[in-house]
Each structure stands twice: as C-alpha cells, then as structure tokens.
Amino acid sequence: ENYFRNPWYYKYHDLSGLNLTTIEKSSLFLSNPTFFKNYLTLHFDPDAYKYEINEFGFVINDFPGVFQSFDYDSIQINATSKKRLKNRHRQNSIESYVLNTERLLSIINYCHQNNIQVVLLKLPIYQSLQRNYMQEKNHRRLQFIDSLVYTNKARLFDYENSDSFTVQDFKNDDHLNSSGAKKLSLLVNQELKKLNLKPIDSIQQ
C-alpha cells in the first residue's frame, strides 16, 4: 500500500482505492521526493543519459540495453545466454506457486462477480530466455493458464512466441524496448476491439 508508484497509477490510469494522501494525489514530486530528486539530478547532469517521456508518462527512448550492446546480433545473444541468465527466474517454490494461483483465482472470481471479462496476456519473450526456462516450473505455469482458458474463466492473448516480434523489439531477454512495447500495445488494442464478449452469466464457472 506504500508502493511509490501508486500515485502514478492514480494519475495516469485512474485507479482508485489506493489510500493515497491529498499530497500524493496532488503532487507526484511530494509522493516520493527521493526518487524525483535523483531524477532531476540526472536530468540536469550534462553527461547523464536523458530519457524522453511522452504525455502518458512512458519512456520513449530506452537506456541502451543488453541487446543493443550486442548490436542485436542473435548469434551472440544466444551464445551468451546461459551465462547471462544463470540466475534469472531460478526460484522454484511450490508454496509461491500455490499462493499466486490462489491470488489470481481470487481476482478472476471478483471480476466475474462484477461482470468484468478477464483477458490474460502472455508477453513476448526472446528465444534465449525460453531456452533457459526451468521446465518443471514452466510446465506448471502453462498447465494453469490452459486450465483457465479451458474452463472459460479467462481469454488468452498469447504473444510469447509471436513471429510479430524480432530481436530489434527487445531490450533484453525478457523485456521489450519502447518500440516493441508500442507494437505490442497496438496488437493488443486490435484484439480487444475484435472481441465479441459474452454475458458473464454464460461463462462456465
């Protein structure tokens, strides 16, 4: 509840119920002075990288990422992936899996009770990370997602292995860059417009 980005969500995404103070609602700077002081320091430092932010608060010029440092050479990216990703997403806790699936089901049930349709989004992941997945952990993830779709609890937009994205769309193995994020946003928007949503009471519980 004290997450420093909550005022951003309130301002840019109109999310309520965040228990924000009047100051946090009225001033982004005062919601987290330390963060914004650091931001301003970098902004006025002539040698620091300068981010450009659009009217929605999103960065439109990424700080050079791993893939850019490899000049988007897929051979180098894949050849170095095992070493680079050896500690990435390596936790494998059944307890966390159970807790997180319970949380997600609770959210979905709340949505259904309030006539809100649920769409799951599988984000693009570059092949270098997919080749280094923990298979047991990934299998549980896919099984759970399949169960939600099969029982009509949620729809799925799956871009995890989409051919629409190339190496130039990624900042690193599991994050799109600004260009890739824009591409994904436009694709998702197109799919949402095409949805012929069913009444909530017709969905199998």
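Residues numbered from 1 in each chain as written. Predicted model: local features only at pLDDT ≥ 70, side-chain atom pairs only at ≥ 80, totals over all residues. Heavy atoms only, no water.

## Some remarks on the environment of Leu192
- As for its placement among the helices and strands, Leu192 is situated in helix 11 (residues 178-194).
- Aside from chain neighbours lying at most four places away, what touches Leu192 is Val119 and Phe157. (Helix = DSSP H or I, 4+ residues; strand = E, 2+ residues; numbered from the N terminus. Contact = heavy atoms within 4.5 Å.)

## Topic: the side chain of Glu160
- With respect to the secondary-structure elements, Glu160 resides in the loop between strand 2 (155-158) and strand 3 (170-172).
- Given a relative accessible area of 7%, Glu160 falls into the buried group.
- Within the structure, the side chain of Glu160 is placed 3.2 Å from the side chain of Tyr133, a separation counted as a polar contact.
- Beyond its immediate sequence surroundings of up to four residues, Glu160 is in contact with Lys122, Leu123, Pro124, Ile125, Gln130, Tyr133 and Arg141. (Buried < 20%, exposed > 50% of the residue type's maximum accessible area, 1.4 Å probe, protein only. Polar contact = N/O pair within 3.5 Å; in protein donor to acceptor, adjacent residues only side chain to side chain.)

## Here's the deal with the environment of Phe4
- Relative to the helices and strands, Phe4 is located in the segment before helix 1 (6-13).
- We classify Phe4 as partly exposed; its relative accessible area is 23%.
- In the structure, Phe4 is positioned 36 residues away from Leu40 in sequence and 17 Å away in space, judged by C-alpha atoms.
- Apart from the residues lying within four places of it in its own chain, the contact partners of Phe4 are Asn32 and Phe35.

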